[in-house]
Amino acid sequence: MPSYVITGVSRGLGYEFLRQLSSDPNDVVIGTVRDKAATLKKLSEDADIKDRSNIHLLEVELTNYDALKSAAEDVAKITGGSLDYLIANAGYVTHFDAFDPIGVLGTTKPHELAADLQKSIDVNVVANIHLCNLFLPLVLRGSTKKVILISTGMAEADLTNQYAVDVGALYAISKAALNMAAAKFNAQYKKDGVLFLCVSPGVVDTGNYADFTPKQLEGVGGMMKKFAEYAPHWTGPITPEESVRAVRSVWEKATVEENGGDFISHYGNKQWL
């Protein structure tokens, strides 16, 4: 009876993680959301998931340390004091940096850049460090001991440099910091058999571009052209279902000895697309 905690399950990849992992009634699946009532309503309207009694939702603001601490206590009550998988999925995906390089943003909107980068760090790095620390006592008592942190191939320096990917800077910076946090956790806990692993889910169609203007979409299209240059086989964004299945396959195969503290793709290697 594996137990899972997944952050940010109200939509996108998080919702798909919740849907797939709860398909086995023997698994205990706990998701965190900022609006529990709205997510419960969404679940009740989903014919595939509405009758699953193994789903538990906790209303948590990830940047609130005390709320995270209370969530860990609630999880302990649900699972009997242990946790097999901690999946740090929730994150802040800013659109502020999606169309202009860091040099433009830093000279034309320096204060906005500082505020947006701080929010990215607070959510994507600091909150996840607290998440790991608060849930580690449960993970250490689990049988699987896996901590999976969702990252992005945009945080890979070689890809950025070789293909001049100059947009998405703030998001990439925060995820690169998260990757290093995972490596530091690995350095501390690998002796205890805990796997810390950062996984890029690929480019996933979660509806993030639905409200973009034609000019903004043109900018995104330029980035997609660079992606196609990097990976000629690439046919475009994949679905959340495809991404989650791939990420799950990666973490099931991963071991502390081979992958502890690593940053890899949904293919299980350094091929990001």
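Bear in mind the structure is a predicted one, so any value in this text is a computation, not a measurement.

(A) The side chain of Ser-200, seen in detail. In this fold, Ser-200 is placed in the loop between strand E6 (195–199) and helix H8 (214–230). Given a relative accessible area of 2%, Ser-200 falls into the buried group. Polar side-chain contacts of Ser-200 include one of 3.1 Å to the backbone nitrogen of Gly-153. For Ser-200, the residues in contact, after removing those within four places along its chain, are Ser-151, Thr-152, Gly-153, Phe-263, Ile-264, Ser-265, His-266 and Trp-272.

(B) Summary view of helix H9 (residues 240–253). Between the first and last C-alpha of H9 there are 20 Å, a value that for 14 residues agrees with the 20 Å anticipated at 1.5 Å per step. Taken residue by residue, H9 has Ser-243, Val-244, Val-247, Val-250 and Trp-251 as its buried positions. With its buried residues spanning 125° around the axis, H9 presents them on a single face. Buried-residue contacts for H9 involve strand E1 (3–7), helix H1 (12–21), strand E4 (85–88), strand E5 (146–150), E6 and strand E7 (263–264).

(C) Molecular detail of the sheet that holds E6. Strand order in the open sheet made by the seven strands is E3-E2-E1-E4-E5-E6-E7, with parallel pairing throughout. The sheet is open, and its two borders are formed by strand E3 (55–59) and E7, each paired with just one other strand. Looking at chain direction, E5 and E6 are connected through five bridges and run parallel. Bridging across to E6, Val-147 finds its partner in Phe-196.

(D) Just the side chain of Ser-22, in detail. Within the fold, Ser-22 resides in the loop between H1 and strand E2 (28–33). Looking at Ser-22, its side chain comes within polar contact range of the main-chain oxygen of Leu-18, at 2.7 Å. Excluding residues that lie within four positions of it along the chain, Ser-22 makes contacts with Val-29, Ile-49, Arg-52, Asn-54 and Ile-55.

Rules of the game
- Residues numbered from 1 in each chain as written.
- Predicted model: local features only at pLDDT ≥ 70, side-chain atom pairs only at ≥ 80, totals over all residues.
- Heavy atoms only, no water.
- Helix = DSSP H or I, 4+ residues; strand = E, 2+ residues; numbered from the N terminus.
- Buried < 20%, exposed > 50% of the residue type's maximum accessible area, 1.4 Å probe, protein only.
- Polar contact = N/O pair within 3.5 Å; in protein donor to acceptor, adjacent residues only side chain to side chain.
- Contact = heavy atoms within 4.5 Å.
- Expected span 1.5 Å × (residues − 1).
- Arc of directions from axis to C-beta.
- Pairing = 2+ DSSP bridges.

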